[in-house]
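Next come the chains, spelled out residue by residue.
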Amino acid sequence: MRVSAKVRRQIKHRKRNAAGAKLNLVSLMDIFTILVFFLMVNQSEVRVLQNNKELTLPASVAETLPKENITITVQANKILVHERLVWQGSDKQSALAELDKIKQSIEQELKFHLDKKQQSGSVKTPEAGWPVTILGDASTEYALLKEVMAICAEVGYRDLSLAVEQKSKPVQAS
C-alpha cells in the first residue's frame, strides 16, 4: 500500500507534535533578572518616620539619615514616646508649665523600653548610650526640646537625633 505525500506529511507532523510542547524558560528568566536589577537599582534610601499631619518638621540640608529606634514626638499640646501618648495638655496650657509631670512620664516610658531591651540579655548597652530620635514640631519651643533631650540623657538614651525635613542644598554660583 502506497501512502501519498500528503498523508506522509500529516504523519510526520503528528509525530513531531506528539512529543509534547516544550516550555522555553530562558526568556522568562531574562525578564525576572531584569526585574530584580530594576528593583535593586531603584531602591529608595528615604525613611518615613511617622505620618502625622499635625506635625511640621523643621527643614535642614543634613544628609545623614536617622537610625530606626525609639521616637519621641513633641508637639505644642502633646508628647508621644514611641507612638504612645505620655502627656496631653490643653491648647492654652504650656508644656513647660507641667515639666515635672512630663519628666516623670517620659522617664517611666523610656525605662520601660530600656528594661525590655535589657531583658533579652543579648543586647549590650552601647558606649554612646541608646539611640533615640526626637520629632519636634517646628513651632515647639527650644527650651522644651532641650528638657526632653536632658530627660533622655538621664535615662541612658544619649545617642540623640533630631528629625528634620530634608531639603536640597542651595546651588552656589562659581
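Keep in mind it's a predicted model, so treat the numbers as computed, not measured.

Attention now moves to the overall build of the protein chain. Along the protein chain, the regular secondary structure elements total four helices and seven strands. Its helices and strands taken in sequence order, the protein chain reads α-α-β-β-β-β-α-β-α-β-β from the N to the C terminus. Once local pairs closer than 6 in sequence are excluded, the contacts in the protein chain between residues at least 24 apart make up 66%. Carbon and sulfur atoms make up 54% of the accessible area of the protein chain, which totals about 13,500 Å².

As a further point, take helix H3 (residues 99-119). The first and last C-alpha atoms of H3 sit 30 Å apart over 21 residues, in line with the 30 Å expected at 1.5 Å per residue. By the burial criterion, the buried members of H3 are Ile 102, Ser 105, Ile 106, Glu 107, Glu 109, Leu 110, His 113 and Leu 114.

Once that is clear, we can look at the sheet that holds strand E5 (residues 131-136). On the basis of which strands lie adjacent, the open sheet formed by five strands has the order E4-E3-E2-E5-E6 and mixed pairing. Sheet topology places strand E4 (84-88) and strand E6 (159-162) at the edges, where each strand pairs with a single neighbour. Here the strands of the sheet are splayed against their neighbours by 20° on average, with no regard to which way each runs. Inspection of the sheet shows strand E3 (residues 78-81) paired to E4 by four bridges, in the antiparallel sense. Within E4, the residue paired with Val 81 across the bridge is Arg 84.

This next bit is on the environment of Lys 169. Topologically, Lys 169 is positioned in the segment after strand E7 (165-166). We classify Lys 169 as exposed; its relative accessible area is 52%. In sequence terms Lys 169 and Val 61 are 108 residues apart; their C-alpha atoms lie 5.7 Å from each other.

The rules behind these values
Residues numbered from 1 in each chain as written. Predicted model: local features only at pLDDT ≥ 70, side-chain atom pairs only at ≥ 80, totals over all residues. Heavy atoms only, no water. Helix = DSSP H or I, 4+ residues; strand = E, 2+ residues; numbered from the N terminus. Contact = heavy atoms within 4.5 Å. Areas by Shrake-Rupley, 256 points an atom, 1.4 Å probe, with all protein chains shown as cover. Expected span 1.5 Å × (residues − 1). Buried < 20%, exposed > 50% of the residue type's maximum accessible area, 1.4 Å probe, protein only. Pairing = 2+ DSSP bridges. Axes fitted to C-alpha atoms, helices over the stretch in contact; angles between N-to-C directions.

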